[in-house]
Amino acid sequence: MFYYACMRVHYREEPCSAALNRVKGMGFGWSLNPYMGCTHRCTFCYVRAFELRAERPFDDHYGSSIRVKTNIAAVLRAELARPSWRREGVAIGAATDPYQPAEGRYRLMRNCLEALGSASTPFTIITRGPLIVRDTDVLLDAARRAHVSVAFSVPTLDRNVWATTEPGTAPPHQRLRALSRLVDAGIRTTVAMAPLLPGLSDRPELIADVVKAAREAGACGIWAAPLNLRPGTREHFLDCLSRDWPELVPEYERLFANRSYLPKAASAAPRAAVYQLARTHGIRDRRRNPPRPPREPVQLSLLQADSR
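These numbers come from a predicted model, not from an experiment.

1. With respect to the overall build of the protein chain
Consideration 1: Tallying secondary structure elements over the protein chain gives 11 helices and 10 strands in all.
Consideration 2: Its C-alpha atoms give the protein chain a radius of gyration of 19 Å, within 12% of the compact-globule value 19 Å for 308 residues.
Consideration 3: If you line up the protein chain on its principal axes, its C-alpha atoms span 55 × 45 × 35 Å.
Consideration 4: Residues counted as buried form 56% of the 308 residues belonging to the protein chain.
Consideration 5: Pairs at least 24 residues apart make up 83% of the contacts formed inside the protein chain by residues separated by at least 6 positions.
Consideration 6: As displayed, the protein chain has an accessible area near 13,800 Å², and 51% of this comes from carbon and sulfur atoms.
Consideration 7: Once the 44 positive and 30 negative side-chain charges of the protein chain are each reduced to a mean point, those two points are 6 Å apart.

2. Examining helix 11 (residues 264–280)
Consideration 1: Helix length check: helix 11, at 17 residues, gives a terminal C-alpha distance of 24 Å against a target of 24 Å (1.5 Å per residue), a fit within 8%.
Consideration 2: The complete set of buried residues in helix 11 reads Ser267, Pro270, Val274, Tyr275 and Ala278. All buried residues of helix 11 lie within an arc of 135 degrees about the axis, which places them on one face of the element. Turned more than 90 degrees away from the buried face of helix 11 sit Ala265, Ala269 and Thr280, all of them exposed.
Consideration 3: The inward-facing, buried residues of helix 11 abut strand 9 (188–196), helix 8 (204–217) and strand 10 (222–226).
Consideration 4: Glycine 282 sits one or two positions beyond helix 11 and adopts a positive phi of about 70 degrees.

3. Details of the sheet that holds strand 5 (residues 65–68)
Consideration 1: Read across the sheet, 3 strands follow the order 1-5-4 without closing on themselves; strand pairing throughout is mixed. Both outer strands of the open sheet, strand 1 (10–13) and strand 4 (35–36), are each paired with one neighbouring strand and no more.
Consideration 2: Both strand 4 and strand 5 contribute to a ladder of 2 bridges, which runs antiparallel. Bridging across to strand 5, tyrosine 35 finds its partner in valine 68.

4. Quick word on the pairing of strand 7 (residues 123–127)
Working note: regular strand, side chains alternate between the two faces of the sheet.
Consideration 1: For strand 7, the tally of buried residues reaches 5 of 5 residues, placing the bulk of the element in the interior.
Consideration 2: Neither face of strand 7 is exposed, since Phe123, Ile125 and Thr127 on one face and Thr124 and Ile126 on the opposite face are all buried.
Consideration 3: By the bridge criterion, 3 bridges tie strand 6 (residues 90–92) to strand 7 in an arrangement that is parallel. Paired with isoleucine 92 across the two strands is isoleucine 125, which belongs to strand 7.
Consideration 4: Taken together, the 5 bridges between strand 7 and strand 8 (residues 148–153) define a ladder with parallel strand orientation. Across the sheet, phenylalanine 123 pairs through a bridge with valine 148, a residue of strand 8.
Consideration 5: Assessed by its sense of winding, the connection that carries the chain from strand 7 through helix 5 (residues 136–143) to strand 8 is right-handed.

5. Here's the deal with the sheet that holds strand 3 (residues 30–32)
Consideration 1: One open sheet holds the 7 strands; their spatial order is 2-3-6-7-8-9-10, and the pairing between them is mixed. The outermost strands of the open sheet, each flanked by one partner alone, are strand 2 (20–22) and strand 10. Neighbour-to-neighbour, the strand axes of this sheet turn through a mean angle of 25 degrees, independent of strand direction.
Consideration 2: Most of the contacts of helix 8 go to strand 9, to which it runs at about 170 degrees, and overall it touches strand 9 and strand 10.
Consideration 3: Running over the sheet, helix 11 touches strand 9 and strand 10 and is turned about 175 degrees from strand 10.

6. Thoughts on the packing of aromatic side chains
Consideration 1: Applying the stated criterion across every chain yields a total of 3 aromatic pairs.
Consideration 2: Relative to tryptophan 85, the ring of tryptophan 30 lies with its centre 5.5 Å away and its plane at 70 degrees, an arrangement referred to as edge-to-face. Placement of tryptophan 30 in strand 3 and of tryptophan 85 in the loop between helix 2 (72–80) and strand 6 is noted, with a sequence separation of 55 residues between them. Judged on exposure class, the residue tryptophan 30 and its partner tryptophan 85 are both buried.
Consideration 3: Both rings, one in phenylalanine 237 and one in tyrosine 252, keep their centres 5.5 Å apart while their planes meet at 45 degrees; by these two values the pair is tilted. In this pair, phenylalanine 237 is assigned in helix 9 (residues 233–244) and tyrosine 252 in helix 10 (residues 249–255), connecting sequence segments 15 residues apart. With respect to class, phenylalanine 237 is no different from tyrosine 252; both count as buried.
Consideration 4: Members of the aromatic cluster, each reached through a chain of ring pairs, are Phe237, Tyr252 and Phe256.

Here is what the cut-offs are and how they apply
- Residues numbered from 1 in each chain as written.
- Predicted model: local features only at pLDDT ≥ 70, side-chain atom pairs only at ≥ 80, totals over all residues.
- Heavy atoms only, no water.
- Helix = DSSP H or I, 4+ residues; strand = E, 2+ residues; numbered from the N terminus.
- Rg over C-alpha atoms; globule rule 2.2 N^0.38 Å.
- Buried < 20%, exposed > 50% of the residue type's maximum accessible area, 1.4 Å probe, protein only.
- Contact = heavy atoms within 4.5 Å.
- Areas by Shrake-Rupley, 256 points an atom, 1.4 Å probe, with all protein chains shown as cover.
- Lys, Arg positive; Asp, Glu negative; His and termini not counted.
- Charge placed at Lys NZ, Arg CZ, Asp CG, Glu CD.
- Expected span 1.5 Å × (residues − 1).
- Arc of directions from axis to C-beta.
- Pairing = 2+ DSSP bridges.
- Right-handed = clockwise from strand over helix to strand, strands pointing away.
- Axes fitted to C-alpha atoms, helices over the stretch in contact; angles between N-to-C directions.
- Phe/Tyr/Trp six-rings, centres within 6.5 Å; stacked < 30°, edge-to-face > 60°.

Quick look at the structure:
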């Protein structure tokens with residue numbers, strides 16, 4: 001069950017020609033990814049679908065080779081300095097976790113955050129990595145210049161589901177402790193239950209556990225996202241499911257027959273439960289002294305942090 005974490009990882013230090021990526025069809029216009037590949041190796045990761053399309057490993061070998069964009073901060077500064085840059089919102093962590101273990105050595109994120117802050121560019125980060133607390137000072141400085149938010153992905157607190165589906169990640173309670181530290185410092189930080197796994201993490205009692213823990217940690221909001229089983233992710237996830245929970249395979253094959261997402265009727269109830277519990281427990285922005293950026297917040301709908 002834990003063999004993924006023991007795999008040898010090869011790090012490729014390769015410069016990049018561009019830092020910001022224009023994104024279409026998503027809830028944000030630009031993305032930033034200091035790394036390619038992710039040692040978290042979540043079985044459900046939707047990026048595996050992109051890897052398949054790019055003819056790169058999407059199976060058990062995904063995450064064994066990580067590209068480190070060694071010059072990304074310098075390239076980013078140059079892009080942000082262009083007269084054409086309009087300080088649009090940037091999403092960080094949409095294709096790879098920016099705070100995976102390599103960041104402890106390479107510090108690419110810290111340098112990128114300094115560049116974004118200096119350019120008064122709004123951004124949001126989604127991560128499973130508690131290492132982000134190292135950059136609290138840089139996040140605060142950036143938040144005084146533009147809208148900044150962080151979302152910690154915490155799909156479940158169930159130890160077996162977490163360890164089996166997110167084998168390379170920090171335990172959920174470590175992420176919640178990191179969230180508390182960021183909120184206490186003044187950074188808007190939320191919980192993302194992404195994704196909810198049918199029959200595993202979408203059970204009512206498990207959803208309630210996460211919402212209660214998020215409230216206790218001081219989360220400013222909480223949101224939920226459905227499982228995305230596009231080709232590449234589908235094959236790998238179902239292979240893992242047949243190994244770890246074979247009794248669920250027929251139900252998944254039925255629910256995801258000829259589709260990448262659950263039917264609305266099947267996905268609506270657990271997501272509604274998240275938002276109802278968030279209201280019941282009063283999850284909202286409770287920061288005492290939040291930074292006040294001079295500009296209006298930029299909304300990034302895919303990473304929307306407010307409880308509904």
